[in-house]
Amino acid sequence: MTGTIFSKITKDIGVNTNNIPTDNDDDLQCEEFEETPLYAAVLTYLSYSILCLFGWLRDFLRQSNIEKKRGAVDPNALLGFVPLYQSYESFYTRNMYTRVRDIFNRPIASVPGSQFELTERVSDDYNWTYRYTGKTISAINLGSYNYLGFAEQTGPCATDAINGLKAYSISNCSARSEIGTQRYHLELEQLVAEFLGVESCIVFGMGFATNALNLPAIASKGDLILSDEMNHVSLIIGMRLSGACCQTFAHNDINDLEAKLRSAIVHGHPRTNRPWKKIIIVVEGVYSMEGSICRLPQMIELKKKYKAYLYMDEAHSIGATGKNGRGIIDYFNANVNDVDILMGTFTKSFGSAGGYIAGKKSLIDHIRIHSHANIYASSMSAPIVQQIISSLRILNGPEGKKRICQLADNARYFRRKLVDMGFIVYGNKSSPVVPVLLYLPARVTHFNREMLRRGIAVVTVGFPATKLLEARVRFCLSAAHTRQMLDVALAAIDEVGTDIGLRYSSRHKHRRLKDL
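Bear in mind the structure is a predicted one, so any value in this text is a computation, not a measurement.

A. Representation of the overall build of the protein in the model. Tallying secondary structure elements over the protein gives 18 helices and 15 strands in all. Seen along its three principal axes, the alpha-carbon backbone of the protein occupies a region of about 65 × 60 × 50 Å. Within the span of the protein, comprising 516 residues, buried residues form 52% of the whole. On the protein, roughly 24200 Å² of surface is accessible, and the fraction owed to carbon and sulfur atoms is 54%. Of the charged side chains in the protein, 59 are positive and 50 negative, and the gap between their average positions amounts to 2 Å.

Given below as structure tokens:
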């Protein structure tokens, strides 16, 4: 029945169904991670070595008062205190990051839709300080997590948010556990629970804190957490705060996960050899840096086999994956009851802020009592909640299905073109996050600047946010992107990629966009 409705909807809205993922399990889990070419690895190591040499030379010149010191100086170090900052961290920031700071933290001056305005800024002292010209730069936005295009200036979502502000003001000035619970909070929790198909749900004002402050309420000393090595830092902080023992398994490696589970059950706690109180597997639905999708069917089999719990972070998958936008469970057509703890955020697909935990009513009742994010944090403001409620209602209707299909079509089209041009592209074919490997630090900077010069705003990421050999540009697709916008972006990528030599793939033929 679902397939019939889906087919009818895609036909009615005119979306190319050849780019929509099928129910074939092999197709759903089709991912590509091409190895780093040897010459690219050698050049990358050489580049960082040269940067370090020049950094040490400039530090020597600063210490000798030949070059002016522009960075802040820790006064405590002169008094015999331990340095407040790590020495290499300061070295990296001073001599490497500052040189390319103009490609990061760019302020915007509009709604972060498919096209937006960037605030123009210039530096007269090599990025130590900036001055704003008062002008803006219009660009196609390929960096925001606006997956379903709900970051809009006008429309029902914006209208409902404004009405919520007028009716309920900005803040409740209290935590949910005191007198900060309004009727719209209860409505949102009910809507999310119904949307996900679970018994209950609780919402929070910050997506990061949803992980960091709720994992300590679920896990504690004597528990074991098995975490994917690519998990987000919010999950890592939450695991550390919980006091539980944490072990990592290789990214999306089911065999490694099973080996860790078997060892944990056989040997128990490494010091006492006593059995673990409980074992929790923590994974993400879509990994925002890799563009990969977790192998949910196999993980469900393992958690059942070894009686473990499964915690699923759907920050980048809720709304963006699945025929109905219900995340990875919907994507694999799995049983929602097979995932014990569902976490997600409203900051991506819903164009708002905050996060949620969903699952059994007993779990949610426990979190309401023990979660610091619920007891101490201020409750979500009315316009934030109304934005989510409005987008959820749209998502459940024909317009929502249209956006879901358009996002899937855009993601597959964009990824396919990049692969066919000979770029190394990571991740799953259905992921709205499309990472392209750049490797050399100079090319990361040059690519970002050249793309903006052509009217395309992108997010480039390098060390230490990635491994030394995995610097990349991370494209985020949206349902709001038109085919014309994507073609303009692909033409710019093709041109810049040719100019600075970014076609590293040995698996795919190197071709220009016009030849495809």
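B. Here's a closer look at the nonpolar core. Formed by 102 residues in total, the largest nonpolar core has its most connected members in Leu188, Leu296, Phe414, Leu418, Phe447 and Phe475. Per element, the largest residue contribution to this core is 8 residues, and it comes from helix H18 (residues 483-500). For phenylalanine 475, the contacting residues outside a window of four places in its chain are Leu142, Phe414, Leu418, Pro432, Val433, Val434, Val436, Phe447, Val458 and Ile493. Phe204, Ala219, Tyr311 and Ile367 belong to the second-largest nonpolar core, a separate cluster that totals 19 residues.

C. Highlighting the sheet that holds strand E7 (residues 279-284). What the 7 strands build is an open sheet, ordered E4-E10-E9-E8-E7-E5-E6; its pairing is mixed. In this open sheet, the two edge strands, each paired with only one partner strand, are strand E4 (200-204) and strand E6 (245-249). With strand direction ignored, the average angle separating the axes of adjacent strands in the sheet is 20°. Bridge count for strand E9 (residues 341-345) against strand E10 (residues 355-359) is 5 bridges, and the pairing is antiparallel. When the bridges of E10 are listed, methionine 343 appears paired with isoleucine 357. Most of the contacts of helix H9 (residues 233-242) go to strand E5 (residues 224-228), to which it runs at about 165°, and overall it touches E5, E6, E7 and strand E8 (309-313). Docked against the sheet, helix H13 (residues 361-370) engages E4, E9 and E10, running at close to 30° with respect to E4.

D. Quick peek at the confidence of the model for the protein. The predicted model of the protein averages 90 in pLDDT, with 94% of residues at 70 or higher. When the criterion is pLDDT under 50, residues 1-14 qualifies, and its contacts beyond four places in sequence or with other chains add up to 13 contacts.

E. Representation of the sheet that holds strand E2 (residues 115-122) within the structure. Strand order across the open sheet formed by 3 strands is E2-E3-E13, with mixed pairing between neighbours. Only two strands of the sheet have a single partner each, and these edge strands are E2 and strand E13 (456-457). Examined bridge by bridge, strand E3 (residues 131-141) and E13 share 2 bridges and lie parallel to one another. Residue pairing for E13: isoleucine 140 is matched across the bridge by isoleucine 456.

F. Focus on the side chain of histidine 481. The residue histidine 481 is located in the loop between strand E15 (472-476) and H18 in this model. Histidine 481 sits in the buried class, given a relative accessible area of 2%. At 2.7 Å, the side chain of histidine 481 forms a polar contact with the backbone oxygen of asparagine 141. Each residue touching histidine 481, except ones within four places of it in the same chain, is listed here: Ser114, Ile140, Asn141, Leu142, Gln406, Asn410, Cys476 and Leu486.

G. Structural detail: the pairing of E9. The buried count for E9 comes to 5 of 5 residues, which makes it a mostly enclosed element. Of the two faces of E9, the one lined by Ile341, Met343 and Thr345 and the one lined by Leu342 and Gly344 are each fully buried. In this structure, E8 lies alongside E9, joined through 3 bridges in parallel fashion. Of the residues in E9, the one forming a bridge with tyrosine 311 is isoleucine 341.

H. Quick look at the packing of helix H10 (residues 254-267) against helix H11 (residues 296-305). Where H10 contacts H11, the axes come no closer than 11 Å and their chain directions differ by 10°. Looking at the two axes, H10 sits roughly parallel to H11. Seen from H10, the contacting residues are Ile254, Leu257, Glu258 and Leu261; seen from H11, they are Gln298, Met299, Leu302 and Lys305. When its residues are assigned to classes, the contact of H10 with H11 shows 5 nonpolar, 1 polar and 2 charged.

I. A look at the pairing of E5. Counting buried positions over the 5 residues of E5 gives 5, a clear majority of the element. Covered by surrounding structure in E5 are Leu224, Leu226 and Asp228 together with Ile225 and Ser227, the residues of both alternating faces. When E5 meets E6, the two strands line up parallel, connected through 5 bridges. For leucine 226, the partnering residue across the bridge sits in E6 and is glutamine 247. By the bridge criterion, 4 bridges tie E5 to E7 in an arrangement that is parallel. Across the sheet, leucine 226 pairs through a bridge with isoleucine 281, a residue of E7.

J. Focus on H18. Helix length check: H18 (18 residues) gives 26 Å between terminal C-alpha atoms against 26 Å at 1.5 Å per residue, within 8%. Among the residues making up H18, those that are buried are Met485, Leu486, Ala489, Leu490, Ala492, Ile493, Asp494, Val496, Gly497 and Ile500. Next to the buried residues of H18 lie E2, E3, helix H16 (398-420), helix H17 (441-453), E13 and E15. Among the residues trailing H18, glycine 501 stands out with phi positive, at a value near 70°.

K. Spatial organisation of the packing of aromatic side chains. Tallied over the entire structure, the rule returns 13 aromatic pairs. On the basis of an interplanar angle of 40° and a centroid distance of 6.1 Å, the ring pair of tyrosine 39 and tyrosine 504 is categorised as tilted. Here tyrosine 504 lies in the segment after H18 and tyrosine 39 lies in helix H3 (residues 38-63), a separation of 465 residues in the sequence. The structure contains a cluster of three or more aromatic residues connected by ring pairs, namely Tyr39, Tyr439 and Tyr504.

L. Structural detail: unusual backbone geometry. The omega angle of the peptide bond from phenylalanine 463 to proline 464 is 10°, so this bond is cis rather than trans. Its place among the elements puts proline 464 in the loop between strand E14 (459-461) and E15. For tyrosine 126, which is not a glycine, the phi torsion comes out positive at approximately 60°. Relative to the helices and strands, tyrosine 126 is located in the loop between E2 and E3.

The rules we used
Residues numbered from 1 in each chain as written. Predicted model: local features only at pLDDT ≥ 70, side-chain atom pairs only at ≥ 80, totals over all residues. Heavy atoms only, no water. Helix = DSSP H or I, 4+ residues; strand = E, 2+ residues; numbered from the N terminus. Buried < 20%, exposed > 50% of the residue type's maximum accessible area, 1.4 Å probe, protein only. Areas by Shrake-Rupley, 256 points an atom, 1.4 Å probe, with all protein chains shown as cover. Lys, Arg positive; Asp, Glu negative; His and termini not counted. Charge placed at Lys NZ, Arg CZ, Asp CG, Glu CD. Core = buried A, V, L, I, M, F, W, Y, C linked by side-chain atoms within 4.5 Å. Contact = heavy atoms within 4.5 Å. Pairing = 2+ DSSP bridges. Axes fitted to C-alpha atoms, helices over the stretch in contact; angles between N-to-C directions. pLDDT = per-residue confidence, 0-100. Polar contact = N/O pair within 3.5 Å; in protein donor to acceptor, adjacent residues only side chain to side chain. Parallel < 35°, antiparallel > 145°, perpendicular 65-115°, else oblique. Nonpolar A, V, L, I, M, F, W, Y, C, P; charged D, E, K, R; others polar. Expected span 1.5 Å × (residues − 1). Phe/Tyr/Trp six-rings, centres within 6.5 Å; stacked < 30°, edge-to-face > 60°.

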